[in-house]
Amino acid sequence: QVQLVESGGGLVQAGGSLRLSCAASGNIFSINTMGWYRQAPGKQRELVASITGSGTTNYVNSVKGRFTISRDSAKNTVSLQMNSLKPEDTAVYYCNVNCLLRSWRTSDAWGQGTQVTVSS
């Protein structure tokens, strides 16, 4: 199947920056969309940013201009550069990868989550 390993979360002051990374491995033939979701306490999980295989990106309005998603298709990795962080960005961030396996089945895989805490 697919394994996702996330890294880069932590504690940062408001206005600071963090970079999240996610590496996908396993029985992958090709990767379609890669993305980052987040879930704050008491709130639903929301899409933060996504990037397609052709490089088309999508961001939730609240992070536009502050966050940048990128991918390295050769390495099956996706990153999220987060600048000008705000306390409301505090959440557990999850990597999500939609891919086609070598068995010709599709897979929608999730990372284990990484905590991002922004102090005011």
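The coordinates are above.
Note that the structure is predicted; figures quoted are calculated from it, not measured. (Residues numbered from 1 in each chain as written. Predicted model: local features only at pLDDT ≥ 70, side-chain atom pairs only at ≥ 80, totals over all residues. Heavy atoms only, no water.)

(A) The sheet that holds strand β1 (residues 2–7), seen in detail. Taken together, 4 strands build an open sheet; the order of strands is β1-β3-β8-β7 and the sheet is antiparallel. Unpaired on one side and paired on the other, β1 and β7 (67–72) mark the two borders of the sheet. The mean angle between the axes of side-by-side strands here comes to 15 degrees, regardless of whether they run parallel or antiparallel. Sheet analysis places strand β3 (residues 18–26) next to strand β8 (residues 77–82), joined by 6 bridges and oriented antiparallel. The partner of serine 21 across the bridge, within β8, is serine 79. (Pairing = 2+ DSSP bridges. Helix = DSSP H or I, 4+ residues; strand = E, 2+ residues; numbered from the N terminus. Axes fitted to C-alpha atoms, helices over the stretch in contact; angles between N-to-C directions.)

(B) A look at the nonpolar core. Ranked by size, the top nonpolar core spans 32 residues in total, and within it Trp36, Leu80, Met82 and Tyr93 carry the most contacts. For this core, the secondary structure elements donating two or more residues are β1, β3, β4 (28–39), β5 (46–51), β7, β8, β9 (91–101) and β11 (114–119). Ranked by residues supplied to this core, first place goes to β9 with 6 residues. Contact partners of leucine 80, with chain neighbours within four places excluded, come to Leu18, Arg19, Leu20, Trp36, Val48, Ala49, Phe67, Thr68, Ile69 and Tyr93. (Core = buried A, V, L, I, M, F, W, Y, C linked by side-chain atoms within 4.5 Å. Buried < 20%, exposed > 50% of the residue type's maximum accessible area, 1.4 Å probe, protein only. Contact = heavy atoms within 4.5 Å.)

(C) View of the pattern of salt bridges. A complete count under the given rule lists 3 salt bridges for this structure. Residue glutamate 46 is joined to arginine 38 by a salt bridge in which the shortest nitrogen-to-oxygen separation is 2.7 Å. Exposure remark for glutamate 46: the relative accessible area of 30% places this residue in the partly exposed category. Looking at arginine 38, the relative accessible area reads 6%, which means it is buried. In this structure, arginine 66 and aspartate 89 form a salt bridge, with 2.8 Å as the shortest nitrogen-oxygen distance. With a gap of 23 residues between them, arginine 66 in the loop between β6 (57–59) and β7 and aspartate 89 in the loop between β8 and β9 connect regions that are remote in the sequence. (Salt bridge = Lys/Arg side-chain N within 4 Å of Asp/Glu carboxyl O.)

(D) Examining unusual backbone geometry more closely. Phi angles above zero are rare outside glycine, and asparagine 76 is one such case at about 55 degrees. Residue class for asparagine 76 comes out partly exposed when judged on its relative accessible area of 22%. Phi at serine 84 is positive, roughly 50 degrees, even though this residue is not glycine. One can find serine 84 in the loop between β8 and β9.

(E) Representation of the pairing of β5. Where β4 meets β5, 5 bridges bridge the pair, whose relative direction is antiparallel. Within β5, the residue paired with glycine 35 across the bridge is serine 50. Adjacent in sequence and paired antiparallel, β5 and β6 are bridged by 5 residues, among which glycine 55 carries a positive phi angle near 95 degrees.

(F) Molecular detail of the environment of valine 92. On the secondary structure map, valine 92 appears in strand β9. Classification of valine 92 by relative accessible area gives partly exposed; the value is 22%. Each residue touching valine 92, except ones within four places of it in the same chain, is listed here: Tyr37, Arg38, Gln39, Gly113, Thr114 and Gln115.

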